[in-house]
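# Report on the structure
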Amino acid sequence: MYVEVPRILLIDDDRDIHESVTAILHPHGYRVTCCWTGPSGLAELRRARPDLLLLDIMLSSPTEGLDLAREIRGDPEISHTPIVLISAMGRQNHLPGRTELPADEYLEKPLTAERLVGSIERVLRAHGRVKSDQ
Amino acid sequence: MAQTGPEPNDLFREGALASLLRLQWFIRMRFVMVGVALAALAVERFVVPGGYRPTGLIATIIVTGVVNVVWMLMSRWVARDLHAGMDSHGRAMHRARQFANAQVTVDLLLLTLILRYAGGLESVLAIFYLFHMGIGALLLRPMQAVIQGTWAVVLYACLGLGELGGWIAPHYDLLPYLPAPGLYQHHAYVFVAVLVQAIAVFGTLYFTLRIAQRFGEQEAQLRRALTALRSSRQAIKDLQARRARFMSTAAHQLKSPLAAIETMAGLIRDGYVKDDAAQQTVESIIRRCRDAITGVGDLLTLARVQQADPHRHRTTRCSVAEVLKAVCTPREAEARRKGLTFALDLPAGDVLSAHIDAADLADCTDNLVENAIKYTPGPGAVLVVARRIQRPAADDAVALDFVEIEVTDTGIGIAEVDLGGADARSVRSPIFDAYRRGNGAIEAGIPGSGLGLSIVREVMEQAGGEVDVRSQIGTGSTFRVRVPAAVEGVPAAPAAGPLGVATGGAAAATSMLW
């Protein structure tokens with residue numbers, strides 16, 4: 001199943017990141033919805049069922065995003081949502097050793113247009129949500 | 001001596017008893033004794049062909065061996081119970097003690113029978129009574145050991161008095177080929193022998209019990225030291241873990257604005273931002289630079305507070321009224337610009353002297369007032385009240401004087417979940433944790449380093465003060481701090497503060513932030 005205009009939900013407490021992500025993804029044909037907190041983001045995810053979730057790890061607490069990703073993965077209704085975790089902290093700081101990432105990919109901030117778009121395309125393609133030639 | 005031993009002695013005795021039971025030490029010793037006795041009698045038969053030994057002696061030694069087999073079987077059962085879980089430890093230990101007690105009782109009886117066939121009152125084998133007293137005093141409860149001592153003296157006396165009075169047949173000699181002097185027939189000798197035996201038995205018991213008691217106390221001291229060492233090691237581990245978590249969180253918070261700045265600058269460079277919007281993006285970059293500088297400033301404040309001597313508050317006095325005036329004057333102007341009414345309510349004629357460093361108190365109150373203004377949209381109100389109060393100490397024995405400062409706003413409020421539940425209004429509320437921010441604040445897009453309240457808590461812990469919060473979404477919040485009041489001629493209390501955290505160096509080292 002592929003979609004013409006993939007809808008991306010961004011959960012991040014940083015408004016500048018909202019504006020930057022929207023500025024990057026909009027010209028590439030994505031529709032971006034932004035939420036600032038975990039609870040409001042989860043509600044939006046359940047309501048709108050976006051094609052991909054961009055989730056910041058450090059929200060109101062240092063690991064709220066990680067906990068949220070695990071909650072999503074454990075909920076059969078929304079567990080199939082592709083998740084890209086983003087954080088200014090390296091992956092090893094959040095998940096030391098071989099701990100499994102409760103997401104499809106991890107992107108370390110600062111975000112660049114090339115890395116962000118590349119990651120989203122890769123994950124959407126893996127989930128069959130974009131045309132393979134896109 | 002006849003009283004039940006105190007706990008340290010019990011610990012020592014229980015340890016010794018358990019280890020000897022595991023080794024089957026009594027059983028082995030008894031088998032060795034039986035073996036040596038039988039071997040000695042066999043050798044004697046060849047070396048001294050004319051020597052006559054009564055069948056009763058051989059029979060008693062063999063009975064000792066047979067009884068020992070029974071003890072051995074029982075010993076495995078008792079020792080297995082001792083290995084079982086801690087729940088049944090007390091019962092198993094009681095059983096082990098009774099087991100050892102029974103062995104000593106039967107041993108003393110068998111020893112008296114052996115004396116009967118090997119020298120009677122005059123026999124040097126009587127020294128083995130003392131051997132049992134030593135073991136009894138080390139392993140049994142003092143009362144049990146004394147009863148065993150009495151049992152030994154009674155047996156010995158019965159042997160002597162029985163022979164003297166002719167109620168039992170005269171004993172056999174220890175060495176049949178050497179004529180014995182027949183001292184057992186003399187009243188004076190029997191009396192002296194029983195008296196000396198009694199003195200030796202109870203003397204041995206007394207000294208061994210005293211030594212066991214000393215060992216017990218030393219062991220209890222060692223155990224206490226070990227427990228303290230273990231808890232210190234755990235505290236250090238926790239401290240290191242908290243420090244590592246804090247460091248990585250702080251690094252993240254410092255990196256976040258830099259990452260946002262790089263991302264936004266990249267957008268301009270790569271042409272994602274049109275020329276007309278570039279100015280706005282540059283403004284955002286400048287704002288994020290300021291955020292980063294504020295974050296570093298807060299971190300430095302926290303570092304300064306943590307590095308400072310925690311005792312400084314007790315030796316300092318400051319006027320809370322003066323500090324609040326200095327803090328509130330610039331903040332009042334800021335509040336009015338935002339359309340808020342601002343009031344500072346101080347008691348007339350009282351400078352509100354308190355034991356707290358003035359600069360630290362200024363940091364704390366400024367953080368609280370800044371938050372109140374920041375999280376209150378206009379039109380609204382911010383009220384700062386300070387007053388002197390008395391509250392009972394932890395043990396309710398004496399009332400302590402505090403200066404209480406309340407900062408109340410009519411702002412967005414903090415959700416119950418962010419406060420850590422309905423009852424979590426105290427210093428333990430997670431809202432005081434470093435880099436913890438309420439979802440309401442994030443949702444409203446209000447910037448903050450997430451360190452302000454943790455600085456407040458850090459200072460209050462060090463000063464022996466208190467901090468708590470009451471808040472309701474949409475209605476507003478009240479943050480309240482209480483600092484020990486300075487009373488003329490009375491120095492600050494040196495002990496733990498009302499927070500229940502020692503206010504010494506250890507408190508600074510194990511503060512909740514790190």
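Computed from a predicted structure; not experimentally measured.

## Things to note about the overall build of chain B
Secondary structure assignment for chain B yields 14 helices and seven strands. Across the 514 residues in chain B, those meeting the buried criterion constitute 36%. Residue pairs in contact within chain B that sit at least 24 positions apart in sequence constitute 76% of those at least 6 positions apart.

## A look at helix α5 (residues 113-126) of chain A
The end-to-end C-alpha separation of α5 of chain A is 20 Å, in line with the 20 Å expected for 14 residues at 1.5 Å each. Listed as buried for α5 of chain A are A113, L116, I120, V123 and L124 of chain A. With its buried residues spanning 125° around the axis, α5 of chain A presents them on a single face. Turned more than 90 degrees away from the buried face of α5 of chain A sit E114 and A126 of chain A, all of them exposed. In this fold, the buried residues of α5 of chain A make contact with β1 (7-11), α1 (15-25), β3 (52-56), β4 (83-87) and β5 (105-108) of chain A together with α7 (187-269) of chain B. Within two residues after α5 of chain A, G128 of chain A carries a phi angle of roughly 65°, on the positive side.

## Quick word on the pairing of strand β7 (residues 476-484) of chain B
Regular strands place side chains that alternate from one sheet face to the opposite one. All names here are of chain B. Burial analysis of β7 places seven of its nine residues in the buried class, the great majority of the element. By the bridge criterion, seven bridges tie strand β5 (residues 399-409) to β7 in an arrangement that is antiparallel. Its bridge partner lying in β7, T408 is registered against T478. Between strand β6 (residues 466-472) and the antiparallel strand that follows it, β7, lie three residues; G474 among them carries a positive phi value of about 85°.

## Remarks on the interface of chain B and chain A
Contact with chain B, which involves 26 residues of that partner, is made by 24 residues of chain A. Of all the secondary structure elements, the ones that give two or more residues to the side of chain B that touches chain A are α7, α8 (275-307) and α12 (439-443) of chain B. Counting residues per element, the side of chain B that touches chain A draws most heavily on α7 of chain B, at twelve residues. Among the residues making up the side of chain B that touches chain A, the classes are represented as eight nonpolar, ten polar and eight charged.

## Concerning the packing of α7 of chain B against α8 of chain B
Residue and element names in this part refer to chain B. Interaxial distance between α7 and α8 falls to 9 Å at its minimum, and their mutual angle equals 165°. On the basis of the axis angle, α7 is roughly antiparallel to α8. Our pair here, α7 against α8, has a crossing hand that is left-handed. In this structure, α7 contributes A250, Q253, L254, P257, L258, A260, I261, M264, A265, L267 and I268 to the contact, and α8 contributes A278, T281, S284, I285, R288, C289, D291, A292, G295, V296 and L299.

## Brief notes about the confidence of the model for chain B
Parts of the prediction with low pLDDT should not have their coordinates interpreted in detail. All names here are of chain B. Looking at chain B, pLDDT values average 83 and 87% of them are 70 or higher. With pLDDT under 50 throughout, residues 1-6 is counted as low confidence; its partners more than four residues away or in other chains account for 15 contacts. Contacts from residues 494-514, a stretch scored under 50 in pLDDT, to residues over four places away or in other chains number 44 contacts.

## Overview of the environment of V417 of chain B
Residue and element names in this part refer to chain B. Counting through the fold element by element, V417 comes out in helix α11 (residues 416-419). V417 gets classed as partly exposed once you count the C-beta atoms within 10 Å, which come to 14. Between the C-alpha atom of V417 and that of I431, which follows or precedes it by 14 residues, the distance is 9.7 Å.

## Structural notes on the sheet that holds β1 of chain A
All names here are of chain A. Spatially, five strands are ordered β2-β1-β3-β4-β5 in an open sheet, and the strand pairing comes out parallel. At either margin of the open sheet sits one strand with a lone partner, and together these are β2 (31-35) and β5. With direction set aside, neighbouring strand axes in the sheet form an average angle of 20°. Bridge count between β1 and β2: five bridges; the pairing is parallel. Directly across from R7, in β2, lies its bridge partner R31. Along the sheet face, helix α2 (residues 38-48) touches β1, β2 and β3 and points at about 165° away from the line of β1.

## Comments concerning the environment of E64 of chain A
All names here are of chain A. Structurally, the position occupied by E64 is in helix α3 (residues 64-74). C-beta crowding within 10 Å serves as the criterion here: with 21 such atoms nearby, E64 is assigned to the buried category. When neighbours within four sequence positions are excluded, E64 is seen to be in contact with G38 and L59.

Rules used in this analysis
- The residue numbers shown here count from 1 along each chain, following its written sequence.
- Each chain gets a letter, beginning with A, and each ligand a number, beginning with 1, in the order they are written.
- In view of the model being predicted, local features appear only for residues whose pLDDT reaches at least 70, and side-chain atom pairs are presented and counted only at 80 or more, with totals across whole chains, interfaces and linings using the full set of residues.
- Segments assigned H or I by DSSP are reported as helices when at least four residues long, segments assigned E as strands when at least two residues long, and all are numbered from the N terminus.
- To sort residues by exposure, count the other C-beta atoms lying within 10 Å of each residue's C-beta; 20 or more gives buried, 12 or fewer gives exposed, and values between give partly exposed, all with C-beta atoms placed from the backbone.
- By the convention adopted here, residues are in contact when the distance between their C-beta atoms, placed from the backbone, does not exceed 7 Å.
- Given a helix with a known number of residues, its expected span is that number minus one, times 1.5 Å.
- To obtain the arc, one takes the directions from the helix axis to the C-beta atoms.
- Whether two strands pair depends on DSSP finding at least two bridges between them.
- We call Asp, Glu, Lys and Arg charged. Ala, Val, Leu, Ile, Met, Phe, Trp, Tyr, Cys and Pro are nonpolar, and the rest, Gly among them, are polar.
- Every angle, taken between N-to-C directions, lies between 0 and 180 degrees, and every axis is a line fitted to C-alpha atoms, over only the stretch in contact when it is a helix.
- For classification purposes, an angle smaller than 35 degrees is called roughly parallel, one larger than 145 roughly antiparallel, one from 65 to 115 roughly perpendicular, and anything else oblique.
- Left-handed describes a crossing in which the near helix is turned anticlockwise from the far one by less than a right angle; the clockwise case is right-handed.
- The predictor reports its confidence for every residue as pLDDT, a score running from 0 up to 100.

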